[in-house]
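Report on the structure
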Amino acid sequence: MDKEVVILDLDNTLVKGQSQKLFISYLFKRKLFPARLYFKLLVWFVFYRLGIVREPERVMREAFRPFRGHSFDEIEGVVEDFFNAVLKNTVFADTGNLVEEHRRKRRVLVLATSVLEPIARRTAKFLKIPNILSTRLELSGGVYTGEVEGKIIYGQNKLEALKKFLEENELRQGRKWAYSDHISDLNVLELADFPSAVNPDPKLFQEARRRGWPVLLFKKTIPPINLKNILTPGLGGQF
C-alpha cells in the first residue's frame, strides 16, 4: 500500500497569527531589529492579510537582511527563546489533535511554509512533524549572510518543492491531505485528495465553499495566548 501524506501550512493553520510577524515584534522589543524596517513590515503584514499584496518575496528578502553577521548558534538561541516565550502559546488546541490523528494512522507529515526555517523547524519539533519544507537563509562559515538560500517557499515555489519532496521520497501515488489558510496555497490544496481550508482568508473561503471543501475554524490555543512580559535578557547589538 502506498504511503499517505499530510501537508500542513503553519501560520493561521497550526498556530494563531503570523509567526514571522510575532518573531520580528519579539526582536524589536529586545532592541534587536531596526525600527524603520519593523514598522514597514508591520504595514506589509496588514496588507498581506487583507489580500492587497500577494507576492512576499521582495519584502521577505529585505526582512532577513538584518540576520547578516549573526552565527547559526546565536540565531538558534534567539529562536528557542522566542518559541518558548511566544510561539508555543499560539499553537491551536485542535492542531495537536489533528497531527496526532494523522500520526496514529502512520501518514507522512510534512510542514510546508514560507516561514523562516529555524522557526518552522522548532515548531515542527514541538508538534513532532518530521519533514519540513521552509525558507532557508544562506550560511557561510556558520554565519548568516542575510540572503535567502534558493527560493522562498511560497505559492508556486511551495508546490514545486512539495512535488520534488514527493518524487524523491516515492510518495506521489499515495493519498494526500492538505491544510492551509491562505489563497496562495490553492495549488497545494488542489494537489491533495482531501483538502481543508483552516481559518481561511475570504478568497480561500469562497473557493472552499465553491468546491465543497471542508472549512475548519480553529480558535482556542493551548495554553491561552499571553504576549505580555515576553522580554528576556538578549544578545548585544542589533539584527
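Read on for an overview of the structure. (Residues numbered from 1 in each chain as written. Predicted model: local features only at pLDDT ≥ 70, side-chain atom pairs only at ≥ 80, totals over all residues. Heavy atoms only, no water.)

1. Some words on the side chain of Asn187
Checked against the element boundaries, Asn187 lands in helix α8 (residues 186-191). Asn187 gets classed as buried once you look at its relative accessible area, which sits at 18%. Dropping the residues within four chain positions of it, Asn187 is found in contact with Gly155, Gln156 and Leu159. (Helix = DSSP H or I, 4+ residues; strand = E, 2+ residues; numbered from the N terminus. Buried < 20%, exposed > 50% of the residue type's maximum accessible area, 1.4 Å probe, protein only. Contact = heavy atoms within 4.5 Å.)

2. Some details on helix α9 (residues 202-211)
Three or more residues of α9 are buried, namely Leu204, Glu207 and Ala208. One face of α9 carries all of its buried residues, which in axial projection span an arc of 100°. Relative to its buried face, α9 has exposed residues pointing more than 90 degrees away, namely Pro202, Gln206, Arg209 and Arg210. Check the buried side of α9 and you find it contacts β5 (176-180), α8, β6 (194-198) and β7 (215-216). Residue Gly212 follows α9 closely and has a positive phi angle near 75°. (Arc of directions from axis to C-beta.)

3. Topic: the side chain of Thr123
Within the fold, Thr123 resides in helix α6 (residues 117-127). Residues within four places of Thr123 in sequence aside, it is in contact with Leu10, Val15, Phe83 and Leu87.

4. Thoughts on the nonpolar core
Among the nonpolar cores identified, the biggest contains 52 residues, and Leu8, Phe23, Phe67 and Ile129 are the most heavily contacted of them. Broken down by element, the residue count for this core peaks at 6 residues, all from helix α2 (residues 35-50). Here Ile129 is in contact with Leu8, Leu14, Val99, Arg103, Leu109, Val110, Leu111 and Ala124, once residues within four sequence places are set aside. (Core = buried A, V, L, I, M, F, W, Y, C linked by side-chain atoms within 4.5 Å.)

5. What about the sheet that holds strand β4 (residues 143-149)?
Read from one edge of the open sheet, 7 strands run β4-β3-β2-β1-β5-β6-β7, paired in mixed fashion. Every other strand in the sheet has two partners, leaving β4 and β7 as the edge strands with one partner each. Relative to strand β3 (residues 131-140), strand β2 (residues 108-116) runs parallel, the two being bridged by 4 bridges. Among the inter-strand pairings, Leu111 is bridged to a residue of β3, identified as Ile132. (Pairing = 2+ DSSP bridges.)

6. Considerations on the pairing of strand β1 (residues 5-8)
By the alternation rule, side chains of β1 split into Val5 and Ile7 and Val6 and Leu8, which are all buried. One ladder, built from 4 bridges, connects β1 with β5; its direction is parallel. When the sheet's bridge partners are listed, Ile7 is paired in β5 with Ala178.

7. So, the pattern of salt bridges
Pairing is possible between side chains of opposite charge, provided their charged atoms come close. All told, the structure shown has 18 salt bridges when counted by the stated rule. Glu167 is the partner of Arg172 in a salt bridge, and the nearest nitrogen-oxygen pair spans 2.9 Å. Owing to a relative accessible area of 45%, Glu167 belongs among the partly exposed residues under this scheme. Salt-bridge contacts for Arg211 lead to Glu190; the nearest nitrogen and oxygen are separated by 2.9 Å. Placement of Arg211 in helix α9 and of Glu190 in helix α8 is noted, with a sequence separation of 21 residues between them. Assessed through its relative accessible area of 32%, Arg211 is described here as partly exposed. Residue Glu190 is classed as partly exposed on the basis of its relative accessible area, which comes to 42%. Ionic contacts of the salt-bridge type, sharing partners, join the residues Glu190, Glu207, Arg210 and Arg211 into one network. (Salt bridge = Lys/Arg side-chain N within 4 Å of Asp/Glu carboxyl O.)

8. A few points about the packing of helix α1 (residues 19-29) against helix α4 (residues 72-85)
The interhelical angle for the contact between α1 and α4, taken along N-to-C directions, is 110°, at an axis separation of 11 Å. Taken together, the axes of α1 and α4 are roughly perpendicular relative to one another. Facing α1, whose interface residues are Ser19, Leu22, Phe23, Tyr26 and Leu27, α4 presents Val78, Val79, Asp81, Phe82 and Ala85. A per-class count over the contact of α1 with α4 returns 8 nonpolar, 1 polar and 1 charged. (Axes fitted to C-alpha atoms, helices over the stretch in contact; angles between N-to-C directions. Parallel < 35°, antiparallel > 145°, perpendicular 65-115°, else oblique. Nonpolar A, V, L, I, M, F, W, Y, C, P; charged D, E, K, R; others polar.)

9. Observations concerning the environment of Gly96
Mapped onto the elements, Gly96 comes out in helix α5 (residues 93-104). Each C-alpha atom, one on Gly96 and one on Asn131, is 16 Å from the other, the two residues being 35 residues apart in sequence.

10. Things to note about the packing of aromatic side chains
Enumeration over the complete set of coordinates arrives at 10 aromatic pairs. When the ring of Tyr38 is compared with that of Phe39, the centres are 5.0 Å apart and the planes differ by 65°; the resulting orientation is edge-to-face. For Tyr38, a relative accessible area of 8% corresponds to the buried category. An aromatic cluster of three or more residues is present, and its members are Phe23, Tyr26, Phe64, Phe67 and Phe82. The cationic tip of Arg107 hangs over the ring face of Trp177; the distance from NZ or CZ to the ring centre is 3.7 Å. (Phe/Tyr/Trp six-rings, centres within 6.5 Å; stacked < 30°, edge-to-face > 60°. Lys NZ or Arg CZ within 6 Å of the ring centre and 35° of its normal.)

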